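Listed below, chain by chain, are the residues.
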Amino acid sequence: MSKDSVRPARRRQSRISMRAIAVITLALCSFVINAAAHAAEPGKDAGAATNLPRVLVLATGGTIAGQAESRATGAYKSGQITGEQLVQSVPGLDKLAKLSAEQISSIGSQDMNDKVWFALAHRIQQAFDNNEADGVVVTHGTDTLEETTFFLDNVLKGDKPVVIVGSMRPATAVSADGPGNLYEAVQVAADPRSRGRGVMAVLNDKIEGARLVTKTNTTSIETFNSPNGGPIGYVDTAGGIRFMAQASGLKRATYDLPANEPLPRVEIVYSHANMDAVPIEDAISHGAKGIVLAGVGDGNTSKQALDALEQAAKKGIIVVRSTRVRSGFVTRNVEVDDDRYGFVVSEDLSPQKARVLTQLLIANGVTAPAKLQQAFTATW
Ligand code: ASP
């Protein structure tokens, strides 16, 4: 081969390598630009994970952790799956927050008790005081979810978000609502806008406040509502969180937990037609420190029951008039002369929540009817 035939070939080679270098450089540049753009999108890149809020999941059991033997059956057992398993089972949860899970109990919430309540309250307070978490999610059965929500709202200090979540269908159901509810609960717990709103319940795309939320349907997934005020916000995977108002000063005073459980004994007495004094006498003889009347209408009850409640108040037992009616307020001195009897009215609090507040007040040495009434009357 002559020198002349070699030279053009070399020039071609060097032109090809110049082009290759340019193409590679361009490709590298576009990769770097794409990667940077991708990383800037929240939740789309593992690198962003370092800035994610820390959410502690505390599992207590309930249908959200329930399992059936077969998908075809309605029967199931609650509290079968751990919090860790629940967290692992929800796709995308790790993009919302840095999660850790702990098991507090594995019970149906019909068995919820002071021991679990104290364990939850202490662990949440510790996690916030030691700056271990930016938010907490508690997985819980729905039967007593509103009581735990209200209890924690009244004892936790600070403004970091705590969200209680459950589901109406077990994890094995054809259309389980637990994963979606847990996803939304973590969304709310991880969001700084959730601070200062007290303890919240998140189910079925709604954010409900501790004071008003109640279960209104035995089996439907659309069951948690706040009849006296509506939800405080809405949440869904696509739309994110929409709070209906700015965080307000509606958070009540918080009460100290006694050193040990149980909380003082407070009974709920359910009023009805043909009501006599027996359930009230029963509560007194079993050492009740307080009696909450789930009264008819505006917290009323029969003459016989009223006389028995008067006797209870004279013995120093705290008597709170609430109502079995789902919405509305119980008002002082309408058909019942509360001033004369030394009774307290629950305002908007349901019997089950009035019971919790009465327990906490007694535990904190608040027993004078005027002081008790003040504690029940929300700052509207
Ligand atoms: N009995 C169950 C519980 O409260 C019901 C539920 O979670 O939906 O644990």
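In this text the structure is predicted, and so the values were computed from the model without any measurement.

Engineer: Tell me what's going on with the overall build of the protein, and back it up with residues and numbers.
Structural biologist: Secondary structure assignment for the protein yields eleven helices and 14 strands. Scored against the burial criterion, the 380 residues of the protein give a buried share of 45%. Put simply, 70% of the contacts in the protein that link residues at least 6 apart link residues at least 24 apart. As displayed, the protein has an accessible area near 18700 Å², and 53% of this comes from carbon and sulfur atoms.

Engineer: How would you sum up the side chain of Arg197? Please name residues and give values.
Structural biologist: Positionally, Arg197 belongs in the loop between α6 (178-190) and β5 (199-203). The side chain of Arg197 sits in the buried core without any salt bridge; Asp191 is the nearest counter-charge, 7.8 Å away. Among the polar contacts listed, one links the side chain of Arg197 to the backbone oxygen of Ala245, at a separation of 3.0 Å. Among all residues touching Arg197, those that are not within four sequence positions of it are Ile232, Phe243, Ala245, Gln246 and Ala247.

Engineer: So what about the packing of helix α10 (residues 351-363) against helix α11 (residues 369-376)? Which residues, and what values?
Structural biologist: With their axes 11 Å apart at the nearest point, α10 and α11 run at an angle of 130 degrees to one another. On the basis of their axis angle, the class for α10 and α11 is oblique. The hand of the α10/α11 crossing is right-handed. Contact with α10, carried on its side by Ala354, Leu357, Thr358 and Leu361, involves Leu372, Ala375 and Phe376 of α11 and no other residues of that element.

Engineer: Explain the packing of aromatic side chains to me, and be specific about the residues and the numbers.
Structural biologist: Aromatic rings considered in pairs are described by the distance between their centres and by the relative angle of their planes. Evaluation of the coordinates by the stated rule reveals two aromatic pairs. Measuring from ring centre to ring centre gives 4.5 Å for Trp117 and Phe151, while their planes differ by 10 degrees; the resulting arrangement is stacked. Of this pair, Trp117 sits in helix α4 (residues 114-129) while Phe151 sits in helix α5 (residues 145-155), and the two are 34 residues apart along the sequence. One exposure class covers both Trp117 and Phe151, and it is buried. The interplanar angle of 15 degrees and the centroid separation of 4.8 Å between the aromatic rings of Tyr341 and Phe343 together place this pair among those described as stacked. On the accessibility criterion, Phe343 (0% relative accessible area) is buried.

Thresholds applied
- Residues numbered from 1 in each chain as written.
- Predicted model: local features only at pLDDT ≥ 70, side-chain atom pairs only at ≥ 80, totals over all residues.
- Heavy atoms only, no water.
- Helix = DSSP H or I, 4+ residues; strand = E, 2+ residues; numbered from the N terminus.
- Buried < 20%, exposed > 50% of the residue type's maximum accessible area, 1.4 Å probe, protein only.
- Contact = heavy atoms within 4.5 Å.
- Areas by Shrake-Rupley, 256 points an atom, 1.4 Å probe, with all protein chains shown as cover.
- Lys, Arg positive; Asp, Glu negative; His and termini not counted.
- Salt bridge = Lys/Arg side-chain N within 4 Å of Asp/Glu carboxyl O.
- Polar contact = N/O pair within 3.5 Å; in protein donor to acceptor, adjacent residues only side chain to side chain.
- Axes fitted to C-alpha atoms, helices over the stretch in contact; angles between N-to-C directions.
- Parallel < 35°, antiparallel > 145°, perpendicular 65-115°, else oblique.
- Left-handed = near helix turned anticlockwise from the far one by under 90°.
- Phe/Tyr/Trp six-rings, centres within 6.5 Å; stacked < 30°, edge-to-face > 60°.

Structural measurements only, silent on function.
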